Amino acid sequence: MTRQVVAIGAGMHPWGKWGRNFVEYGVHAAKAALAEAGIAYTDVQYVVGANTMRNGYPGYVAGATFAQALGWTGARIASAYAACASGSQAIDIARTRILAGLCDVALVVGADTTPKGFLAPNAGERPDDPDWQRFHLLGATNPTYFAFAARRRMDLYGATEDDFAAVKVKNAAMGALNPNARYQKAFTRDDVFASPLVSDPLRLLQICATSDGGAALVLASRQWAEQRGITGAPCIAAVSTATPTYPATTVELPDIATDSSRVVAPPARGFRADVIHQAYEEAGLGPDDLDLAEVYDLSSAMELDWYEDLALCPVGEAEKLLRAGTTTLGGRVPVNTSGGLGAFGEAVPAQAIAQVCELVWQVRGDAGARQVEGARVGATANQGLFGHGSSVIVTR
Amino acid sequence: MAVQVRPAIDGWFVAEDGVVALLGAQCTTCTTVAFPATKVIVCPNPACDGVEFRRLEMGRRGRVWSYTTNHYAAPPPYVSPDPFVPYSVLAVELPDVDLTVLGQLADGASIDDIRVGSEVELTTKALYTDGDGVARLVWAWRPVADASVVPRAMTAEVSP
């Protein structure tokens, strides 16, 4: 039988603006995941931490930081950084090591403590760093890029500010049912329109905040789990960390210019769609198989782009899907049942892991009031800076 | 006393005699282009082994790919005017080199005149005044006054 990797436990520290050490959130989430798995920490053979760049040296070596905080056991470790995709990269490393037969059970942890306000580049003058230059030369904040995508939807596909608000209202309603979400409030359309414009056409309530939080998963080989009587654990059927293909012609954070398509024609499938396509291929599944998805709604408008990248509908038709209620709880493919980034705010290294936690709970039927009835297959979609992106597919 | 001006960054654009151009690097092997020229180490086209580049003054006109107006000050290293005034950032497709590049909207231009697809041209704007009292310039975009005019040949190659 093909070796399979299953998620035997998922755990979180609730998202918020707690202002404490990120290690505390990571340890809390790890303990919660281990408790759900019903195994001891001393059983863990491999620890992977998703790094944070805003908490000093312990954040750069998160695997070791969490392993030390949980108590040294001699386990092998790794620390991964891939911007917003760090958590998926950590899952990928652990899963691959299990698939290779180099270990049987691994703990994956990501946690962050974030400053208030816009995410800004790290300190110091670095003229060769595009992330530094886009702030310095242009004042091109993250919401600037989110707004570009939103504006294109309006000018090309007829999206309206009401559509973007409707995404926020939909996700807030589901986030209100999630005890781990930072904002457990069912915001209304009026709330959205009363919030200040940040980057036209996007308003404050349509842009994800930065949060504190932690998420963890216990992954194991199916065989190891079943030997311990753990049956029916959800399978991590695919992890895609595809990079763009030259020429990448969509304006993406943090770059000031795209590649040129003067000599080489752009690939048929754009970067984000390709990240997901590769996940579908790896899992042997397609968009028709999805029962739900967790997507990176850095802005409410961006969720609509993801519908198309997930191939839930043709390009330009995401608004139709939204308006038809297809992507809300009770619809054909609910998107962001956790509440998404809109309800969580982004705790960068934890976020991609949190997306997978939601899928694990959903396909196990343990998602409580936000349960998608009969959920068997879910996909995550995530994008980070510098050509990082990820998609994880979880199956019952 | 004449106001001293200097680019806010070296090697990304030229502004001489009223002519403003962004500086790309063109691979001498496959002719693809990359911006900014300063980032290029080897040819970014993975199918090309090129390691030599000529400096290319890229098109002065382009079409708006997208745009926004920011209503909050960006954090440092952006030097935000005090008091803050909303500022607009555009992403512009350059048809002669087939790439898209960002830039602020020029002073005096109105974002109300901009749509996806609008034709714009390069100019400069003062980004901030540095510690020596020197105005630091950055490239900027403004609507083309008469968009019906067929743009002249947009690429000028200069010796490396």
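Visitor: Which parts of the structure should I look at to understand the overall build of chain B?
Guide: A count of helices and strands for chain B gives zero helices and eleven strands. Secondary structure elements of chain B occur, N-terminal to C-terminal, as β-β-β-β-β-β-β-β-β-β-β. When the 160 residues of chain B are sorted by exposure, 38% land in the buried category. Partitioning the contacts of chain B with sequence separation of at least 6, the portion at a separation of at least 24 is 57%.

Visitor: Help me understand the pairing of strand E4 (residues 105–112) of chain A, please; the structure alone is not making it clear to me.
Guide: Looking along a regular strand, one sees the side chains alternate between the two faces of the sheet. All names here are of chain A. Most of E4 sits out of view: eight of its eight residues are buried. Residues Val-105, Leu-107, Val-109 and Ala-111 line one face of E4 and the alternating positions Ala-106, Val-108, Gly-110 and Asp-112 line the opposite face, and both faces are buried. In the sheet, strand E2 (residues 46–50) pairs with E4 via five bridges, with the strands oriented parallel. By the bridge assignment for E4, Tyr-46 is matched with Ala-106. When E4 meets strand E7 (residues 212–221), the two strands line up antiparallel, connected through eight bridges. Bridge pairing links Gly-110 to Ala-215 in E7.

Visitor: Looking at this structure, how should I read the interface of chain A and chain B?
Guide: Interfaces are frequently sized by the accessible area removed from exposure as the parts join. Residue-level contacts link 36 residues of chain A with 38 residues of chain B. Here the side of chain A that touches chain B is built from residues that sort into 20 nonpolar, ten polar and six charged.

Visitor: What is the right way to look at helix H3 (residues 62–70) of chain A in this model?
Guide: An α-helical segment advances 3.6 residues per turn. Residues three or four places apart therefore align on the same side. Residues and elements named next belong to chain A. Within H3, burial applies to Ala-62, Gly-63, Thr-65, Phe-66, Ala-67 and Leu-70. Where H3 is buried, its residues contact helix H1 (22–37), E2, helix H2 (57–60), strand E3 (76–80), E4 and helix H14 (348–364). Directly after H3, the chain includes Gly-71, whose backbone phi takes a positive value near 110 degrees.

Visitor: Before we go on, may I ask you to explain helix H7 (residues 161–175) of chain A in this structure?
Guide: Residue and element names in this part refer to chain A. Helix length check: H7, at 15 residues, gives a terminal C-alpha distance of 21 Å against a target of 21 Å (1.5 Å per residue), a fit within 8%. A large share of H7 lies buried, amounting to twelve of its 15 residues. Of the positions making up H7, those classed as buried are Asp-163, Phe-164, Ala-165, Ala-166, Val-167, Lys-168, Val-169, Lys-170, Asn-171, Ala-172, Met-174 and Gly-175.

Visitor: I'm lost on the packing of H1(A) against H3(A) in this one. Help?
Guide: Two quantities define a packed helix pair, namely the angle between the axes and the distance from one axis to the other. Residues and elements named next belong to chain A. For the pair H1 and H3, the least separation of the axes is 10 Å and the interaxial angle reads 65 degrees. Comparing their axes, H3 and H1 come out roughly perpendicular. In terms of crossing hand, the pair formed by H1 and H3 is right-handed. In contact with Val-23, Gly-26, Val-27 and Ala-30 of H1, H3 contributes Thr-65, Phe-66, Ala-69 and Leu-70. Class assignment for the residues of the contact of H1 with H3 results in six nonpolar, two polar and no charged.

Rules of the game
Residues numbered from 1 in each chain as written. Chains lettered and ligands numbered in written order. Predicted model: local features only at pLDDT ≥ 70, side-chain atom pairs only at ≥ 80, totals over all residues. Helix = DSSP H or I, 4+ residues; strand = E, 2+ residues; numbered from the N terminus. Buried ≥ 20, exposed ≤ 12 C-beta atoms within 10 Å, placed from the backbone. Contact = placed C-beta atoms within 7 Å. Pairing = 2+ DSSP bridges. Nonpolar A, V, L, I, M, F, W, Y, C, P; charged D, E, K, R; others polar. Expected span 1.5 Å × (residues − 1). Axes fitted to C-alpha atoms, helices over the stretch in contact; angles between N-to-C directions. Parallel < 35°, antiparallel > 145°, perpendicular 65-115°, else oblique. Left-handed = near helix turned anticlockwise from the far one by under 90°.

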